[in-house]
Amino acid sequence: MTRTLWDSSVGKKTIMAVSGLIMLGYLVAHMVGNLKIFFGPGEFDRYAHWLRTMGDPVLHYSWGLWLVRVVLVAAVVLHGVSAYQLSRRDIKARPAKYVHTKPRASYATRTMRWGGVILALFIVWHILDLTTGTVHSGGFQEGHPYQNVVDTFSTWYGNVIYIVAVLAMGLHVQHGFWSAAQTLGVGNATRDRVLKTLANLLAAVLTLGFVSVPVAVMTGVVS
Amino acid sequence: MKLTLRVWRQQNAEAPGAMATYEVDGISRDMSFLEMLDTLNEELILAGDEPVAFDHDCREGICGACSLVINGDAHGPERTTTCQLHMRSFQDGDTIDVEPWRASAFPVVKDLVVDRSAFDRIIQSGGYISAPTGTAPDAHATPVPKPDADFAFEHAECIGCGACVAACPNGSAMLFTSAKVNHLNVLPQGTPERETRVLDMVATMDDEGFGGCTLTGECATACPKGIPLPSIAAMNKEWLRATRKVRR
């Protein structure tokens, strides 16, 4: 009775774990890149330009970036579809609730599903705001990301949307990283503390790193 | 002790159920939870009412028959089976909610009794070893390293009560299945079926309609035998290994 990864609940969790780790790797790189904003518009904009020329001269202009985008879109879609299908399965497996209920699992664990939905919606807004400029506040300038970032975080809603999403991301990473380790069979009793600490550390560093940008704009450190 | 019980009553699998309230008096603190229910049932029978149906067998905490969710906890507030739970864990005047295991793979048969044959079918699909018939082999014929023997024994403790499924918000049987897989897969006696065991048991688990694991850890907290949560990771590792091996 061999089944493909997609046909098994354990296999689908594996797909979620791998796609999640791909996105997590991207988040770390993205967060580190964001911090370049503290070195001024020249360096930040040059970094943004490099993202389009990376791999040159092997790769044509922005091919490298599109390669990353294709991998990320695939990861998001696989992660989302697996999550949806597994959630459907989970809800069906437990149709009747207990009369006597009490909240149990940690907040991060309980908010994985809706947190994921929030993140998906945020990604759409984030791209429309700072990549295409469709919903950008003020004049969106292609090739001037520093100014665009300052514009976004000069609006109250830009800050609120971003910070809520980053907090949701932190919670998602906290439970998600540790869970991925379990799904991939890396977790065991002796490694558990290390994995939990690593998950907490990743969540904290990513949250602080991302939140530092809107906070810097609000406080005038970046303007 | 005087207690108020709110018990799930359901005539049969098709009938709708509801919580019914009963008062019981004269309960000793030394009674087990099941003896307290026996007391209630005696009173119900004397009054001409239908007694509450519940599963029980050995009443020693080793058979895995008893299965009650007490105040929202599988097997109640102590980390043990319902039969080994004593009334001293409750206070005089308490109101206690008693419900059956809840999972679509464990349909209610009557009142607090659920059909756990899905577990039997998971066992049938891989919970065996190939052993030659004839005289019993010498005990030292197959050496087993001590850590492996300990690991196997830790998982062999699973009594298949289903508390893990009852406690899981997804009705997942991952802890149960992992206990069975890990128990046999680590031993040399279980090696011939190492790959097919984990693949078949996980496939049967899925087919029976159990949910997936979201690592909330409720199962390991509820388990009266202390099967640890990392057992699930160990089974995932076996599953991934088997998937690679079988493809080759």
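Here, the structure is the one placed above.
As a starting point, this report considers the structure included with it. (Residues numbered from 1 in each chain as written. Chains lettered and ligands numbered in written order. Predicted model: local features only at pLDDT ≥ 70, side-chain atom pairs only at ≥ 80, totals over all residues. Heavy atoms only, no water.)

### Thoughts on the interface of chain A and chain B
Okay, so step 1: Listed as interface residues are 38 residues of chain A and, on the opposing side, 47 residues of chain B.
Okay, so step 2: Of the roughly 3400 Å² buried between chain A and chain B on both sides combined, carbon and sulfur atoms contribute 54%.
Okay, so step 3: Between the two partners, chain A and chain B, sit one salt bridge.
Okay, so step 4: Taken together, the links from chain A to chain B amount to 18 residue pairs in polar contact (both at pLDDT 80 or more).
Okay, so step 5: For the side of chain A that touches chain B, the secondary-structure elements that each account for two or more residues are α1 (9–34), α3 (63–93) and α7 (156–183) of chain A. (Contact = heavy atoms within 4.5 Å. Buried area = accessible area lost by both parts, 1.4 Å probe. Salt bridge = Lys/Arg side-chain N within 4 Å of Asp/Glu carboxyl O. Polar contact = N/O pair within 3.5 Å; in protein donor to acceptor, adjacent residues only side chain to side chain. Helix = DSSP H or I, 4+ residues; strand = E, 2+ residues; numbered from the N terminus.)

### Examining the sheet that holds strand β5 (residues 95–99) of chain B
Okay, so step 1: The strand order across the open sheet built from five strands is β2-β1-β5-β3-β4 (chain B), with neighbouring strands paired in mixed fashion. The two strands at the open ends of the sheet, each matched to only one other strand, are β2 (18–24) and β4 (73–74) of chain B. (Pairing = 2+ DSSP bridges.)

### Details of the side chain of Glu193 of chain B
Okay, so step 1: With respect to the helices and strands, the residue Glu193 of chain B is situated in the loop between α5 (174–185) and α6 (194–207).
Okay, so step 2: Other than its neighbours up to four places away in sequence, Glu193 of chain B contacts Tyr128, Ile129 and Ser130 of chain B.

### Concerning the nonpolar core
Residue and element names in this part refer to chain B.
Okay, so step 1: Residues Phe119 and Phe210 are the most contacted members of the largest nonpolar core, which totals 77 residues.
Okay, so step 2: Looking at which domains feed residues into this core, each of domain 1 (3–109) and domain 2 (117–247) supplies at least three.
Okay, so step 3: Among the nonpolar cores identified, the runner-up in size contains 28 residues, and Ala20, Tyr22, Leu34 and Leu68 belong to it. (Core = buried A, V, L, I, M, F, W, Y, C linked by side-chain atoms within 4.5 Å. Buried < 20%, exposed > 50% of the residue type's maximum accessible area, 1.4 Å probe, protein only. Domains from an automatic or database assignment.)

### Description of the pattern of salt bridges
Residue and element names in this part refer to chain B.
Okay, so step 1: Summed over the entire model, instances satisfying the criterion amount to 16 salt bridges over all chains.
Okay, so step 2: Lys2 serves as the salt-bridge partner of Glu23, at 3.7 Å between the closest nitrogen and oxygen. Of this pair, Glu23 sits in strand β2 while Lys2 sits in the segment before β1 (3–9), and the two are 21 residues apart along the sequence.
Okay, so step 3: Its salt-bridge partner being Arg194, residue Glu238 comes within 2.8 Å of it at the nearest N-O pair. Taken together, the residues span a long stretch of sequence, with Glu238 in helix α8 (residues 230–247) and Arg194 in helix α6 at a distance of 44 residues.
Okay, so step 4: On the accessibility criterion, Arg194 (23% relative accessible area) is partly exposed.

### Some remarks on the environment of Thr152 of chain A
Residues and elements named next belong to chain A.
Okay, so step 1: When you line up the elements, Thr152 lands in helix α6 (residues 145–152).
Okay, so step 2: In this structure the C-alpha to C-alpha distance between Thr152 and Gly138, which are 14 residues apart in sequence, comes to 8.3 Å.
Okay, so step 3: Dropping the residues within four chain positions of it, Thr152 is found in contact with Trp125, Asp129, Leu130, His136, Ser137, Gly158 and Asn159.

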